Amino acid sequence: MKAAQQETRVLIVDDDPSVCNLLNQKLSLEGFQCQVRSSGQEALELLAQEKFDVVVSDLRMPKMS
């Protein structure tokens, strides 16, 4: 595992729990620090408080895309 991956913070945003779980498991196994949110609103609230290097997001979600 590379040191850069250990420090890379990833925000995963998707309304499908199975997609979130899969991405979280795969990226975490590779050493990335992941957080998961199930809506655009939750993601925006977290982004207002914390910084991430990468956001992986579903483009079409209920209420906010």
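Residues numbered from 1 in each chain as written. Predicted model: local features only at pLDDT ≥ 70, side-chain atom pairs only at ≥ 80, totals over all residues. Heavy atoms only, no water.

Visitor: Help me understand the pattern of salt bridges, please; the structure alone is not making it clear to me.
Guide: In a structure, side chains of opposite charge can pair up when their charged atoms sit close to one another. Overall, the coordinates contain 1 salt bridge when judged by the stated rule. Ionic pairing is found between Arg9 and Glu50, a salt bridge with its closest N-O pair at 2.7 Å. You can see Arg9 sitting in strand 1 (residues 9-13) and its partner Glu50 sitting in the loop between helix 3 (40-49) and strand 3 (54-57), a full 41 residues away along the chain. Residue classification places Arg9 among the partly exposed positions, given a relative accessible area of 22%. (Salt bridge = Lys/Arg side-chain N within 4 Å of Asp/Glu carboxyl O. Helix = DSSP H or I, 4+ residues; strand = E, 2+ residues; numbered from the N terminus. Buried < 20%, exposed > 50% of the residue type's maximum accessible area, 1.4 Å probe, protein only.)

Visitor: Explain the sheet that holds strand 3 here, please?
Guide: Strands in a sheet are paired, the pairing made by backbone hydrogen bonds, and the direction either parallel or antiparallel. Across the sheet, which stays open at both edges, the 3 strands sit in the order 2-1-3 with parallel pairing between neighbours. Each of the sheet's edge strands pairs with one partner strand only, and the pair in question is strand 2 (33-37) and strand 3. If you compare each strand with its neighbour and ignore which way they point, the axes differ by 20 degrees on average. Pairing geometry for strand 1 and strand 2, over 5 bridges, is parallel. Bridge pairing in strand 2 links Ile12 to Val36. Packed onto the sheet, helix 2 (residues 17-29) meets strand 1, strand 2 and strand 3 and runs at close to 170 degrees relative to strand 2. Sheet strands touched by helix 3: strand 1, strand 2 and strand 3. Its angle to strand 1, the strand with the most contacts, is close to 155 degrees. (Pairing = 2+ DSSP bridges. Axes fitted to C-alpha atoms, helices over the stretch in contact; angles between N-to-C directions. Contact = heavy atoms within 4.5 Å.)

Interpretation note: all reported values are geometric properties and have no functional meaning in isolation.
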